[in-house]
Amino acid sequence: SQQGEEDPQALSIQEGENATMNCSYKTSINNLQWYRQNSGRGLVHLILIRSNEREKHSGRLRVTLDTSKKSSSLLITASRAADTASYFCATVLSGNTPLVFGKGTRLSVIA
Amino acid sequence: DAGVIQSPRHEVTEMGQEVTLRCKPISGHDYLFWYRQTMMRGLELLIYFNNNVPIDDSGMPEDRFSAKMPNASFSTLKIQPSEPRDSAVYFCASSKPGAPIRSGNTIYFGEGSWLTVV
């Protein structure tokens, strides 16, 4: 069963614009991770944010976490055509369970 | 590091045939996960192992599915008999020692096995 739900399902932007993707989840978490999947490839880890963190940066990526709203956002600044991919949030529930993934946001960056 | 290696990358088989998907995790990783990805259901966890022992197989859809990990460097996912609704991309992933849950270890994915059952 899905724990995280990404929003929007699909997003199309022009190169240079910022892309924001959101993830909502249902139960308490230990941490939340974002992954990227290029077409026809496996998922690749982007960034992890722990439940006691509110914001984290990595290069052009900025992740926020609001545990009171059970939501997270991934911001990609100054997007490039190479950022075209699907982006997934994955949560680690409190307790002893592995990562549960949402269905992803398909991002298209048009040059 | 070679990464997680899966084979075959693509398989087309007829309904009723047995399908075996193979996975070699990253050396030193002691968690191994099998996921299935479809458009309708997204990415589903089928089963995961720790130190070659199956920990949770509640995601395995039916008795037609079975998974084994005979040693730390090899795992198989078998479907027998296969059905058209099993068509999906099957991913194997591995994670470093230490509970990935509490420590938040990254999961490393293979490139997937694209299965089509006709």
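Everything discussed here concerns the structure shown above.
Residues numbered from 1 in each chain as written. Chains lettered and ligands numbered in written order. Predicted model: local features only at pLDDT ≥ 70, side-chain atom pairs only at ≥ 80, totals over all residues. Heavy atoms only, no water.

> Just checking my understanding: could you explain the nonpolar core for this structure?
Considering soluble globular proteins, one finds that nonpolar side chains tend to be buried as a cluster. Core analysis: the biggest nonpolar cluster contains 21 residues, and Trp34(B), Leu77(B) and Tyr90(B) have the highest contact counts within it. Among the secondary structure elements, those contributing two or more residues to this core are strand S3 (19-24), strand S4 (31-38), strand S5 (42-50), strand S7 (65-71), strand S8 (74-79), strand S9 (88-95) and strand S11 (113-117) of chain B. Each residue touching Leu77(B), except ones within four places of it in the same chain, is listed here: Val19(B), Thr20(B), Leu21(B), Trp34(B), Leu46(B), Met60(B), Ser66(B), Ala67(B) and Tyr90(B). Leu65(A), Ala85(A), Cys89(A) and Val109(A) belong to the second-largest nonpolar core, a separate cluster that totals 20 residues. (Core = buried A, V, L, I, M, F, W, Y, C linked by side-chain atoms within 4.5 Å. Buried < 20%, exposed > 50% of the residue type's maximum accessible area, 1.4 Å probe, protein only. Helix = DSSP H or I, 4+ residues; strand = E, 2+ residues; numbered from the N terminus. Contact = heavy atoms within 4.5 Å.)

> What is the right way to read the state of the cysteines from this model?
Linking two cysteines covalently via their sulfur atoms produces the bond known as a disulfide. In this structure the tally under the stated criterion is 2 disulfides over all chains. In this model Cys23(A) forms its disulfide with Cys89(A); the gap between the sulfur atoms is 2.0 Å. The sign of the 65° torsion about the S-S bond sets the Cys23(A)-Cys89(A) disulfide as right-handed. A residue pair is termed long-range when its members are at least 10 positions apart, and Cys23(A) in strand S3 (residues 19-24) and Cys89(A) in strand S9 (residues 85-93) qualify at 66 residues. Assessed through its relative accessible area of 0%, Cys89(A) is described here as buried. Note on cysteine connectivity: Cys23(B) is disulfide-linked to Cys92(B), with sulfurs 1.9 Å apart. Residues Cys23(B) and Cys92(B) are joined by a disulfide whose S-S torsion is about -65°; by sign, that bridge is left-handed. Of this pair, Cys23(B) sits in strand S3 while Cys92(B) is found in strand S9, placing the two residues 69 residues apart along the sequence. You can call Cys23(B) buried: its relative accessible area is 1%. On the accessibility criterion, Cys92(B) (0% relative accessible area) is buried. (Disulfide = S-S within 2.5 Å.)

> Can you help me understand the sheet that holds strand S6 (residues 55-58) of chain A in this one?
Backbone-to-backbone hydrogen bonds join strands into a sheet, with any given pair of strands oriented parallel or antiparallel. All names here are of chain A. The sheet built from 5 strands is open, its strands ordered S1-S3-S8-S7-S6 with antiparallel pairing. A single partner strand is all that each edge strand has here, and the edge strands are strand S1 (5-7) and S6. Averaged over all adjacent pairs, the angle separating strand axes in this sheet is 20°, with direction ignored. Relative to strand S8 (residues 71-76), S3 is paired through 6 bridges, and the arrangement is antiparallel. Bridge pairing in S8 links Ser24 to Ser71. (Pairing = 2+ DSSP bridges. Axes fitted to C-alpha atoms, helices over the stretch in contact; angles between N-to-C directions.)

> So what exactly am I meant to see when it comes to unusual backbone geometry here?
The amide bond that connects Asp7(A) to the next residue, Pro8(A), takes the cis arrangement and shows omega of 0°. Structurally, the position occupied by Pro8(A) is in the loop between S1 and strand S2 (10-14). Positive phi values are uncommon outside glycine, yet Lys70(A) reaches one of about 50°. Take Lys70(A): it is sitting in the loop between strand S7 (61-66) and S8. Since its relative accessible area comes to 29%, Lys70(A) is described here as partly exposed. Even without a glycine there, the phi angle at Asn52(B) is positive, about 75°. Relative to the assigned elements, Asn52(B) resides in the loop between S5 and strand S6 (53-56). Here Asn52(B) falls in the partly exposed class, since its relative accessible area comes to 28%.

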